[in-house]
Amino acid sequence: MKKFPLFMLAMLFVLSIVSASEYVIYTELIGKSQFLDESGKLTGSSVDIVREIQNRLGDTTEIKEVPWARGYNELQMKDNVILFSTTLTDERRDMFKWAGPVLREIWAFYVKKDSGVVINSLDDAKGLKRIGTYREDAREQYLISQGFENIDSNTDSRNNVKKLQTGRVDAVIDSPVSFANTCRNSGLDPDDFEQAFIVKDVNLYITFSKDFNEEAFLSWRDTLEGLYTDGKFAEIYQKWYPDSPLPEFTIVE
């Protein structure tokens, strides 16, 4: 049997570690968690948290902004993807690895003021003609799981509010901050609409591909837990959401 020099074995070991730790980091633009500031720089609460983790790990991987459907598809299809911020649902739990949460939010139905549309329950919403949803989003997936057949799926959330404004959909399912921002980005006034019914409270996480390198995943999750423990997470979160309760770190098995 041929023997490798010691330095070659060491080099192979280093290369195996580098290969195992190569990954891509994706995020979408939404609400105050991930958005572009006036200079075009990616910022937000979850961006700050992810970058603090990277700083502590000495990680310089670029965070790439992509449409949600693309990032979510690659998270499922490839084994080296990190995506944030992703809502934890029962359907998704076993599909990925999870670190967090990094954000708390509510899901709600929004309607145009004076439209006469009343929603007091999910059954009321099922009776509407059309509900605008964001394709591959957890809120859309939830409605489908609840038997909704009246969804109008869009790849751009701005289409939802434009359709709501013109009456092409009766309601939109979204979250408060992201809905208001989407309205403004579409040239619409958020005050033209109102929250009709709160669907549920949810937590959002940093997600990793199902077969993501376990050592790298644990280093991310443990570092995030450290942010919770030493108070850095609270400092970042309360900068963006001063009146909101903090999420509680949870290990998702």
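Read on for an overview of the structure. (Residues numbered from 1 in each chain as written. Predicted model: local features only at pLDDT ≥ 70, side-chain atom pairs only at ≥ 80, totals over all residues. Heavy atoms only, no water.)

Residue placement: Arg 104 occurs in strand β6 (residues 97-112). The class of Arg 104 is partly exposed, set by a relative accessible area of 39%. Considered as a pair, Arg 104 and Thr 87 are 17 residues apart in the sequence and their alpha carbons are 9.2 Å apart. Residues in contact with Arg 104, not counting those within four places in the same chain, are Val 202, Asn 203, Tyr 237, Pro 245, Leu 246 and Pro 247. (Helix = DSSP H or I, 4+ residues; strand = E, 2+ residues; numbered from the N terminus. Buried < 20%, exposed > 50% of the residue type's maximum accessible area, 1.4 Å probe, protein only. Contact = heavy atoms within 4.5 Å.)

Attention now moves to the side chain of Ser 85. With respect to the element layout, Ser 85 can be found in strand β5 (residues 81-87). There is a polar contact of 2.8 Å between the side chain of Ser 85 and the side chain of Gln 34. A polar contact of 2.8 Å, which involves the side chain of Ser 85, links it to the side chain of Ser 46. If we skip the residues at most four places from it in the chain, Ser 85 touches Thr 27, Gln 34, Ser 46, Trp 68, Val 102, Leu 204 and Tyr 205. (Polar contact = N/O pair within 3.5 Å; in protein donor to acceptor, adjacent residues only side chain to side chain.)

Pairing within the open sheet is mixed, and its eight strands lie in the order β4-β1-β5-β10-β6-β9-β7-β8. In this open sheet, the two strands that pair with only one neighbour each are β4 (63-65) and β8 (151-154). Pairs of neighbouring strands in the sheet enclose a mean axial angle of 30°, with direction left out of account. Strand direction decides the pairing type here: β6 and strand β9 (residues 171-174), joined by three bridges, are antiparallel. Each bridged residue has a counterpart across the sheet, and for Phe 109 the counterpart in β9 is Ile 173. (Pairing = 2+ DSSP bridges. Axes fitted to C-alpha atoms, helices over the stretch in contact; angles between N-to-C directions.)

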